[in-house]
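Remarks on the overall topology
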Amino acid sequence: MNQSTDLQVLVIGAGPSGLVTLKTLRQLGIMATCVDRGERIGGNWDIQSPFSSVYHSTHLISSKGMTQFADFPMPEGYPEYPSHHQVLAYLNSYADRFGLGQYIRKKITVNRVEKANDGWILTVSPSDGLSSTVEKYDAVVIANGHHAIPMMPEFAGKFSGEMIHAHDYKHQRQLEGRRVLVVGAGNSGCDIAVEAAIHGQSAAISMRRGYHFFPKFIRGKPADIVGDRVRRWPIPRSWQRRLSQLVVDWTIGRPQRYGLPKPEHRLFETHPIINSQLPYYAGHGKLAIFPDIRLLDGDQVEFTDGRRETFDTIILATGYQLTFPFIEPELLNTMDGIPKLYLHAFHPTDDTLFVAGMIQPNSGQWPLTDLQAQIIARFLKARQKGSPAAEAFRQQKRSTQSAATSRDHFLATPRHRLEVDYFEYRRTLQKIVRQLDAAGAAG
């Protein structure tokens, strides 16, 4: 444990991002506490929470090796892609290992975050809303996640059957004996569509565009572990893409061979769909493929290609809103609904406000949030000491240019607003940590 400071920092959210941030701040001697509106820690991974979007069959889509925290590996007995039950148990073990429970206040809702001259004023209340208190902190780290508030699309017409968002899908029993349409071809949408193909009377998926599909395993190894090794090779990115395309073609094949739409973008320009079962069931005729919806008409759906089909249930796997209801958008430097932060985490002009975990990487997120937390803690300590390291990073985060936050690699769609390339982003964060450590050692 580093020498303590008198900084008072509040972390909002006790999911994976909040836990690693709390742990890192405390390890560096910063007096950090955490609040969470839920009854338990774990955030989205607590299926009992009304805010959780996981369902009974949810597993990690990144392997445990690329998801686990570096200083606390997942148990050897865990499979390569652990279930949500195992993930939640791991997060509880993580909190126990680092003694975090004593610093976490559960069933606390943050109602308002306001800027004060010398810090932040927060209005918080028990989740029952019966009373509220005002608290003051020197810095705030927002780690409230971005999978709680469903994004609901609007359609012409009206559907007479059941229509729910994927957030409210929990178990295969909701599919049994029903004609199911899943709208949206992200990872959750594809997983639910596969479950519908297995358990429903019939199954279909509405896809706005074609996507590249990746297997979870390549010759028995997790695909992202293989990808991590390839990305370490000193070869041009175009060669890495070409090699990866060959591997995908060899293991799964081109989507159009299964009756899926042909992707109109190159590999790695969208978030990867880690699912080899969807092409399998599409190829077996167990999953019908449709384009966008044109019209809802009673129990029928008309698609943009003119086809009409009858359904009992529509599941909208259409993503989630990025919301921070407790803070004014301008305080987060919000533009077009997105906080414009350096590396999606560090406010360009405010040195006491941070957002942890507001990224969508093409592999495991938690090691990246861990690095974000290391930078936050080091910067706060350097700033309090008046170290040149703090001024150097302050100037760095004021910059609007960063290769790691550039969207040049990804399609310019709402789905990819928070997209980062895992490998480039990791290198950038690691470099900043090393810079702060070197400056601290020198100082």
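As the structure is a prediction and not an experimental result, all values here were calculated from the model.

Describing the overall build of the protein chain
A tally of helices and strands in the protein chain yields 10 helices and 25 strands. Relative to the globule expectation of 22 Å for 443 residues, the C-alpha radius of gyration of the protein chain, 23 Å, shows essentially globular dimensions. Its C-alpha atoms put the protein chain at 65 × 60 × 45 Å along the principal axes. When the 443 residues of the protein chain are sorted by exposure, 53% land in the buried category. The long-range fraction of contacts in the protein chain, counting pairs at least 24 apart against all pairs at least 6 apart in sequence, stands at 66%. Summing over all exposed atoms, the protein chain offers an accessible surface of approximately 20100 Å²; the carbon and sulfur share of this is 50%. Side-chain charges in the protein chain split into 51 positive and 43 negative, and the spacing between the mean points of these groups amounts to 6 Å.

What about the sheet that holds strand S6 (residues 133–137)?
The sheet built from three strands is open, its strands ordered S4-S5-S6 with antiparallel pairing. With one partner strand each, in any of the chains shown, strand S4 (108–116) and S6 form the two edges of the open sheet. Taken pair by pair, the neighbouring strands of this sheet meet at an average axis angle of 25 degrees, ignoring direction. Taken together, the five bridges between strand S5 (residues 119–126) and S6 define a ladder with antiparallel strand orientation. Bridged to valine 124 within S6 is threonine 133.

Thoughts on the pairing of strand S17 (residues 293–298)
Where strand S8 (residues 157–159) and S17 come together, three bridges link them in parallel fashion. Looking at S17, one finds that glycine 157 is bridged to leucine 296. Taken together, the four bridges between S17 and strand S18 (residues 300–303) define a ladder with antiparallel strand orientation. Note that in S18 the partner of leucine 296 across the bridge is valine 301. Linking S17 back to S18 in an antiparallel pair, the connection comprises one residue.

Comments concerning the packing of helix H8 (residues 366–385) against helix H9 (residues 388–398)
Contact geometry of H8 with H9 gives a least axis separation of 8 Å together with a crossing angle of 125 degrees. Classified by the angle their axes make, H8 and H9 are oblique. The two elements H8 and H9 meet at a crossing, and its hand is left-handed. Contacts from Ile375, Phe379, Ala382 and Arg383 in H8 reach Ala389, Ala390, Phe393, Arg394 and Lys397 in H9. Grouping the constituent residues of the contact of H8 with H9 by class yields six nonpolar, no polar and three charged.

Focus on the pairing of strand S11 (residues 202–206)
Among the five residues of S11, four are classified as buried, and the element is accordingly described as predominantly covered. As paired strands, strand S10 (residues 179–183) and S11 are joined by five bridges and run parallel to one another. Paired with valine 182 across the strands is isoleucine 205, a residue of S11. On the question of chirality, the crossover connecting S10 to the parallel S11 by way of helix H4 (residues 187–199) is right-handed. Pairing of S11 with strand S16 (residues 288–290), which is carried by three bridges, proceeds in the parallel orientation. Across the sheet, residue isoleucine 205 finds its bridge partner in S16, namely isoleucine 289.

Things to note about the sheet that holds strand S7 (residues 139–142)
Taken together, the five strands give an open sheet; going across it, the order is S3-S2-S1-S7-S23, and neighbouring strands pair in parallel fashion. Unpaired on one side and paired on the other, strand S3 (104–105) and strand S23 (353–355) mark the two borders of the sheet. With two bridges connecting them, strand S2 (residues 31–35) and S3 associate as parallel partners. Of the residues in S3, the one forming a bridge with valine 35 is arginine 105. Sitting on the sheet, helix H1 (residues 16–27) is in contact with strand S1 (8–12), S2, S3 and S7, with an inclination near 165 degrees to S2. Its contacts with the sheet put H8 on S1, S7 and S23, and the angle it makes with S23 is roughly 170 degrees.

Considering the environment of arginine 173
With respect to the helices and strands, arginine 173 occurs in the loop between strand S9 (162–165) and S10. Distance in space between the C-alpha atoms of arginine 173 and alanine 196 is 10.0 Å, their sequence separation being 23 residues.

Conventions and cut-offs
Residues numbered from 1 in each chain as written. Predicted model: local features only at pLDDT ≥ 70, side-chain atom pairs only at ≥ 80, totals over all residues. Heavy atoms only, no water. Helix = DSSP H or I, 4+ residues; strand = E, 2+ residues; numbered from the N terminus. Rg over C-alpha atoms; globule rule 2.2 N^0.38 Å. Buried < 20%, exposed > 50% of the residue type's maximum accessible area, 1.4 Å probe, protein only. Contact = heavy atoms within 4.5 Å. Areas by Shrake-Rupley, 256 points an atom, 1.4 Å probe, with all protein chains shown as cover. Lys, Arg positive; Asp, Glu negative; His and termini not counted. Charge placed at Lys NZ, Arg CZ, Asp CG, Glu CD. Pairing = 2+ DSSP bridges. Axes fitted to C-alpha atoms, helices over the stretch in contact; angles between N-to-C directions. Parallel < 35°, antiparallel > 145°, perpendicular 65-115°, else oblique. Left-handed = near helix turned anticlockwise from the far one by under 90°. Nonpolar A, V, L, I, M, F, W, Y, C, P; charged D, E, K, R; others polar. Right-handed = clockwise from strand over helix to strand, strands pointing away.

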